[in-house]
Every structure is written in structure tokens, then in C-alpha cells.
Amino acid sequence: MKPLVSVCMISYNHDKFIRQAIESVLAQEVDFQIELVIGDDFSQDGTYEICESFARRDPRVNLLPRDRNVGIMLNVARTLQACFGEYVAVCEGDDYWTDPHKLSKQVAFLKEHPTFGGAAHQSAVLIHEHVARQFKLDVHSTITTTDLLGGRLFHTASVLFRRPVVDLFCQSPQVLSCDRLLNFCISFLGPIHYSEESMCAYRLHGEGMSSNATVAQMKLDLNCVDYLQALHHSFPKYKYLSYVYATIGLCKQARPHERVRFLLLSFIYSFSTFPHNIGVYGHHIFHAVRRRINRV
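Below or above, wherever it landed, is the structure these notes cover.

**Overview of the overall build of the chain**
- Check the secondary structure of the chain and you find 12 helices and 10 strands.
- Counting all 296 residues of the chain, 53% fall into the buried class.
- Excluding contacts between residues fewer than 6 apart, the proportion of contacts in the chain whose partners are at least 24 apart in sequence is 78%.

**Observations regarding the pattern of salt bridges**
- Under the defined criterion, the tally for this structure stands at 9 salt bridges.
- A salt bridge links Arg203 to Glu129, with the nearest nitrogen and oxygen atoms 2.8 Å apart. Residue Arg203 is found in strand β10 (residues 192–203), and its partner Glu129 is found in the loop between β6 (118–127) and β7 (130–134); the two are separated by 74 residues along the sequence.
- When its relative accessible area of 46% is taken as the criterion, Glu129 is described as partly exposed.
- Where Arg152 meets Asp179, a salt bridge forms, and the shortest distance between an N and an O atom there is 2.8 Å. With Arg152 in the loop between β8 (142–143) and β9 (160–162) and Asp179 in helix α6 (residues 178–189), this residue pair connects regions lying 27 residues apart in the sequence.
- Taking the relative accessible area as the measure of exposure, Asp179 reaches 17% and is therefore buried.
- Overlapping salt bridges bring together Asp99, Lys105 and Glu197 as one network.

**What about the pairing of β7?**
- In this structure, β6 lies alongside β7, joined through 4 bridges in antiparallel fashion. Residue pairing in the sheet places Ile127 in a bridge with His130 of β7.
- Adjacent in sequence and paired antiparallel, β6 and β7 are bridged by 2 residues, among which His128 carries a positive phi angle near 55 degrees.

**Describing the state of the cysteines**
- One pass over the structure, following the stated rule, counts 0 disulfides.
- Of all cysteine sulfurs, the one in Cys8 lies closest to Cys83, which takes part in no disulfide; the gap is 4.9 Å.
- For Cys83, a relative accessible area of 0% puts it in the buried group.
- The thiol of Cys224 is unpaired, and the distance to the nearest cysteine sulfur, on Cys185, comes to 8.3 Å.
- For Cys224, a relative accessible area of 2% translates into the label buried.

**Structural notes on the side chain of Arg180**
- With respect to the element layout, Arg180 can be found in helix α6.
- Separated by 3.1 Å, the side chains of Arg180 and Tyr240 make a polar contact.

**Focus on the packing of aromatic side chains**
- Applying the stated criterion across every chain yields a total of 10 aromatic pairs.
- Aromatic pair Phe267 and Phe271: ring centres 4.9 Å apart, planes at 90 degrees, arrangement edge-to-face.
- Note on Phe271: relative accessible area 37%, which makes it partly exposed.

**Some words on the side chain of Lys102**
- Along the polypeptide, Lys102 turns up in helix α4 (residues 102–112).
- With no salt bridge to any partner, buried Lys102 finds its closest opposite charge in Asp99, at an N-O distance of 9.2 Å.
- With near-sequence residues (within four places) excluded, Lys102 lies in contact with Gln28, Trp97, His121, Ala157, Ser158, Val159 and Met199.

**Description of the nonpolar core**
- Phe154, Phe161, Phe169 and Tyr240 are the most contacted members of the largest nonpolar core, which totals 51 residues.
- Looking at this core element by element, the count peaks at 7 residues for α6.
- Once you skip the residues sitting within four places of it in the chain, Phe154 turns out to touch Ala120, His121, Phe135, Ile143, Leu148, Val159, Asn183, Ile192 and Tyr194.
- Ile18, Leu26, Ile38 and Trp97 belong to the second largest nonpolar core, which has 31 residues in total.

**A closer look at the environment of Tyr238**
- Examined against the element boundaries, Tyr238 turns out to sit in helix α10 (residues 237–249).
- With 31 residues separating them in the primary sequence, Tyr238 and Tyr269 have C-alpha atoms 5.6 Å apart.

Rules and cut-offs
- Residues numbered from 1 in each chain as written.
- Predicted model: local features only at pLDDT ≥ 70, side-chain atom pairs only at ≥ 80, totals over all residues.
- Heavy atoms only, no water.
- Helix = DSSP H or I, 4+ residues; strand = E, 2+ residues; numbered from the N terminus.
- Buried < 20%, exposed > 50% of the residue type's maximum accessible area, 1.4 Å probe, protein only.
- Contact = heavy atoms within 4.5 Å.
- Salt bridge = Lys/Arg side-chain N within 4 Å of Asp/Glu carboxyl O.
- Pairing = 2+ DSSP bridges.
- Disulfide = S-S within 2.5 Å.
- Polar contact = N/O pair within 3.5 Å; in protein donor to acceptor, adjacent residues only side chain to side chain.
- Phe/Tyr/Trp six-rings, centres within 6.5 Å; stacked < 30°, edge-to-face > 60°.
- Lys, Arg positive; Asp, Glu negative; His and termini not counted.
- Core = buried A, V, L, I, M, F, W, Y, C linked by side-chain atoms within 4.5 Å.

The values reported here are purely geometric and, on their own, carry no functional implication.
Structure follows, in C-alpha cells:
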């Protein structure tokens, strides 16, 4: 029987966390069928063996085979493509859900509101296994494509979206920030509903991609700009380029001349919204710097 909801879980060296992630998905109290699709990117610790033990015991767990490391974009794409539910949720191997009714609540909303592309919610940020803060405050209940042009408004472990999003995502050129690309694809189907109810936990630790990305890796995010505009002709290409160049310029591993170059490009592209850009640009730089500090 085809599941109503597929849960996409990617992992890489998450043996300290993935048991809790899997258990939080399987503990969902629902009156419909779900499946958990796990795409492990050739972990070098005990992650895959832990996943195998769950797959042997629970038919809802579909552990994808792997024989080499393919990188985050290809791993996300292959895992999403193996999800066949009408709705797809995401929970990475180092995060977990805290509300057993999360899926039921989000599915109910999307069934009642067919014009919405997806749903998201508040998340608790964990540092050293203690709740440090909420992920984002003062987020509007309805999020559009334009709202997603700056920093993340919600964490990936909070999203549930309609299956057609998978095809939009998987046809994109390779990027580093898969979550940002995914959120845009969701918004092209319709607005995203946001709930202030915290129903998942996001671990902030130094082993994540966002903490260790190089300039070359972050430049991959430029690959999808034309693709996004082709999907959505009103997509504000230059405003998004300004944001991406700012994030590259603030990369911890950027050399001084790279930092100057990319921040200058960010400022130039920000003039697509002149004169509004003058105040907004400073606002984005301030919050981007603050996010970098919070990751330390």
C-alpha cells in the first residue's frame, strides 16, 4: 500500500544521533501510512549499521543501498526520488522530532488548504544537548517566495510539502544549500504555512556543513539562480544574487581579497532594489555576521 507521507532522512557520520532521529519518526501517531526513506552517504562510523538494524525490524524503514560517497546534493536528490508519498517530510540524521502529532497536524492543514505548497514550524536549537533558543522569532504565518530570499525562516526538519516539489528540486543544477533550494521549490507550488508550535529539535554543532563550507563549495549556490528564474519568471534573480554573494563573502574560510570581492558584488546586485537596498543591505550583513558568530 502506498504511504500517504514519506519521510526523507539523509545521514553522514551521525552514529551519535541517528537512533533518536529514526525513533522520533517511527513514534509519530497517525491514522495513515508512512514510510521512512534513509539515504546514508557512505558514513565511516556506525551510522549505516544502526539504520540496518531498524530496517530489519520495521517494514516502514527503507534504507537505500550505497557503495560510495556522492555528496550532499546527490544524496538528497536520490533519497527524495525514493519517496513516493503524496506528502514528503524531511528529518536529517542529526535532528529529531519532538511532537508525535507533527505529521498529523501538518497533513491536516495541507488537506484543508490545497493552495499551499507546504508547511513548516518553529524549532528548538540544541547546543551540547541543551535548548539554547528558538530557531527564528516573529515569522509570518504565510511565507512566500520573496520572504525566503534572505536567511532561513525555519529549519529543514520542520517542513512537509507536496510530492511535485521533488521533481522541481531534483532537476536543479548542483548547489550546496539544498535546504534553501528546497524551500524555493516548495514556494513555487504555493505559499508555505508557518506554525509557531515547536515540534522538532535542530542540533547546532561544529560538524555540520554550514560550519565547514569552503568558498568553492558556497559558490555552487550560484548554479541554480537561472534555473529558479526559469521555474518562476517573477523570481527576483538579482536580489537573490546579492544575498548569495554576501554569504560567500562572509564564509569563515574566505581570504581577505575574496571577502572584499564577494561583498562588493553583493552590494552591486543589491541596487536592483534601489533605494530600498541601502537599509536592507546593512540589515542582511548584520544578521549574516550574527549567524556566523552563533555557529562558533
